[in-house]
Protein chains: 2
Amino acid sequence: MNGLPLKDAPQAASDPVTRLMALAGRDMAEVEALLTARMASPVALIPELAAWLVNAGGKRIRPLITIASARMLGYRGTGHLALAGAVELIHTATLLHDDVVDESELRRGKASANHIWGNPQSVLVGDFLFAQAFMLMVDSGSLDALHVLSRAAAIIAEGEVRQLAMVGDVATTRESYMDVIDAKTAALFAAAAQVSPILAGRPDKESAALYTYGRELGLAFQLVDDALDYGGLAAMLGKNTGDDFREGKITLPVALALEAASEDERAFWYRTLRDKSQTDADLATAIAILKRHGTLDETLAQARGHAARAQSALEIFPANDWTAALSALAEFVVDRAY
Amino acid sequence: MNGLPLKDAPQAASDPVTRLMALAGRDMAEVEALLTARMASPVALIPELAAWLVNAGGKRIRPLITIASARMLGYRGTGHLALAGAVELIHTATLLHDDVVDESELRRGKASANHIWGNPQSVLVGDFLFAQAFMLMVDSGSLDALHVLSRAAAIIAEGEVRQLAMVGDVATTRESYMDVIDAKTAALFAAAAQVSPILAGRPDKESAALYTYGRELGLAFQLVDDALDYGGLAAMLGKNTGDDFREGKITLPVALALEAASEDERAFWYRTLRDKSQTDADLATAIAILKRHGTLDETLAQARGHAARAQSALEIFPANDWTAALSALAEFVVDRAY
């Protein structure tokens, strides 16, 4: 199960997530089966909405981190499968509730679940998935892992409340922004990585190292996401751009641009974000201002720094295919912005 | 800690919940302290909204059941405090999300949290409290209790989704109504009672008996609530009446009245509940129809039957103050309708 060396893997030419998926394929297939089983219910809406979510699905980066961390440590049990499933269910439940909170109509350019099924349904199915996540954690048999993941779930909710209070707040500093993404994004990445050494009964030093790996990777991931919301380094408009701008979220590229703003630019940000008075042309103007001040570059530079720290955290572990894959994942998270 | 005999308790003349509260006073004070500690957060909205919820608070019936069940069994540890707190947090989180789902503006005649703070805030603080509930469960150290409570949380969400699909559905039968309340209400009462024998390592027979006690009590409780929403046996309008009617929820009094409806009455229910076309006078008309068919009486008779079954389930346990208090609680749950 320690897999093929990366260079021989069939998808060797593809991105690290695809390669990691191939390496972790057998485990991930079992995680998918657990997810499907957990979404079963005689109440038709639940499997229907859940199946839609799975198919709309992202890259399963969080459960991959749990699986790869466990395998890197030579863990031989099955508890990591349940924990990986729990991590993905917490993430999915959070997405469902986020879309209700943000009143989103789109996610990744597709209609969001709350837009199709309604807010009440999204709230309740989110609660159902959250409860199923905890049932999976119980299956892992590790109270310590349960503690880590339930704590992460509380921190995520705290971060989301904090973010909500900061919508349209043009006084948002880079520090308060970093606090928010540390909670709303990095906490779950950190927990996803940390539960594996805990489950495998590894020393605190390894648990701390994987916590750092996950946290730094999560910070890098969110910074890149926030840059991509303005088109990334190319700063090109696409169907997935502009959500944060339209919702009045002050992310790092904007917080940095606000610090350096001219009087006219400040008036622009106040009108569009604080007062939420926007026209169709404003997003292009916003991107032009971010380019002028180089804040998308700066945001991505920060992301590269966090990704590098994630990689450094892996140095205490013996090199194997899994260590290499986790390290490559940190690079990939940043590279997708280019 | 086995307490005073009921007759010597200071509030002996008052209702069973108050007497049980006195008997369980020391434990309940510790549960309150746990709840307060769990609601702490540097994010101001969380303790603010949570404190408001605690003060708006109900009678803490669910955690009382956990405490009394543990004490009845002679449990001497402290895990029951954490589990009782977890039960109340799950209940509170559920109430917050329910009010969002129902678009409620009032709860118990007071403005609801979502009406004061907003739906997004209620969704997120509910998630936070839910996560804190699981952290408390972890503190209890019992994976089996965690399984029972996380399963209950999933069943509650399932029941709520089912209820949502049944809003305005005039074809709702008494069976489908009972399925809904079994899930949305009785599951948590059952879990609240069952976690104590599990924690105390008691035989399956006692765990099953307390499950039955909690479930039957929960069914009685919800049936009485649904009758009270139309004014109870007196069928009097009050500030807390009419929520279900306005929301188009088909509860047992209405489901029974629909079975026996004349053509005119059927047209009335179709207009007011299915089509949600209501005038101010309609609630009084609805109550008059329910009285005509005696369906509030019938609903309360059903509640009495469930309360009696709850009491019977206690018969396998040796009589002590706690057994007596739990039995009295079952009577009280029904008596409040009169």
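In the block above lies the structure referred to throughout.
Quick caveat, the model's predicted, so the values are computed rather than measured.

Notes on the overall build of chain A
Working step 1: Looking only at helices and strands, chain A features 16 helices and 2 strands.
Working step 2: Against the 2.2 N^0.38 benchmark of 20 Å for 338 residues, chain A shows a C-alpha radius of gyration of 20 Å, consistent with a compact globule.
Working step 3: Projected onto the principal axes, the alpha-carbon positions of chain A cover approximately 60 × 45 × 35 Å.
Working step 4: Burial status across chain A gives 59% buried among its 338 residues.
Working step 5: Across chain A, contacts joining residues at least 24 apart in sequence account for 76% of those joining residues at least 6 apart.
Working step 6: In the structure as shown, chain A presents an accessible area of about 12,900 Å², 51% of it carried by carbon and sulfur atoms.
Working step 7: A gap of 4 Å separates the mean positions of the 31 positive and 43 negative side-chain charges of chain A.

Regarding the relation of the copies chain B and chain A
Working step 1: Superposition of chain B onto chain A requires a rotation of 180° combined with a translation of 0.0 Å along the rotation axis, giving an RMSD of 0.0 Å. Such a turn and shift between the copies fits a two-fold axis.
Working step 2: Looking at the interface residues of chain B, 100% of them are also at the interface in chain A, so both copies use one shared face.

With respect to the pattern of salt bridges
All names here are of chain B.
Working step 1: Summed over the entire model, instances satisfying the criterion amount to 30 salt bridges over all chains.
Working step 2: One salt bridge connects R202 with E206, and the closest N-O pair in it is separated by 2.7 Å.
Working step 3: By relative accessible area, R202 is classed as partly exposed at 34%.
Working step 4: Judged by its relative accessible area of 14%, E206 is buried.
Working step 5: Between D282 and R271 there is a salt bridge, with its nearest N and O atoms 2.8 Å apart. In this pair, D282 sits in helix α14 (residues 282–293) while R271 sits in helix α13 (residues 263–274), placing the two residues 11 residues apart along the sequence.

Things to note about the interface of chain B and chain A
Working step 1: Taken together, the contact between chain B and chain A spans 35 residues of the former and 36 residues of the latter.
Working step 2: Where chain B abuts chain A, roughly 3,300 Å² becomes buried across the two surfaces, and 82% of that area is made up of carbon and sulfur atoms.
Working step 3: Looking at the side of chain B facing chain A, the largest losses of area belong to L124, L143 and V161 of chain B, adding up to 18% of the total buried there.
Working step 4: The interface formed by chain B and chain A includes 0 salt bridges.
Working step 5: Applying the counting criterion to the chain B and chain A interface returns 4 residue pairs in polar contact (both at pLDDT 80 or more).
Working step 6: Residues that form the side of chain B that touches chain A fall into these classes: 23 nonpolar, 7 polar and 5 charged.

Conventions and cut-offs
- Residues numbered from 1 in each chain as written.
- Chains lettered and ligands numbered in written order.
- Predicted model: local features only at pLDDT ≥ 70, side-chain atom pairs only at ≥ 80, totals over all residues.
- Heavy atoms only, no water.
- Helix = DSSP H or I, 4+ residues; strand = E, 2+ residues; numbered from the N terminus.
- Rg over C-alpha atoms; globule rule 2.2 N^0.38 Å.
- Buried < 20%, exposed > 50% of the residue type's maximum accessible area, 1.4 Å probe, protein only.
- Contact = heavy atoms within 4.5 Å.
- Areas by Shrake-Rupley, 256 points an atom, 1.4 Å probe, with all protein chains shown as cover.
- Lys, Arg positive; Asp, Glu negative; His and termini not counted.
- Charge placed at Lys NZ, Arg CZ, Asp CG, Glu CD.
- Least-squares fit on C-alpha atoms with pLDDT ≥ 70 in both.
- Salt bridge = Lys/Arg side-chain N within 4 Å of Asp/Glu carboxyl O.
- Buried area = accessible area lost by both parts, 1.4 Å probe.
- Polar contact = N/O pair within 3.5 Å; in protein donor to acceptor, adjacent residues only side chain to side chain.
- Nonpolar A, V, L, I, M, F, W, Y, C, P; charged D, E, K, R; others polar.

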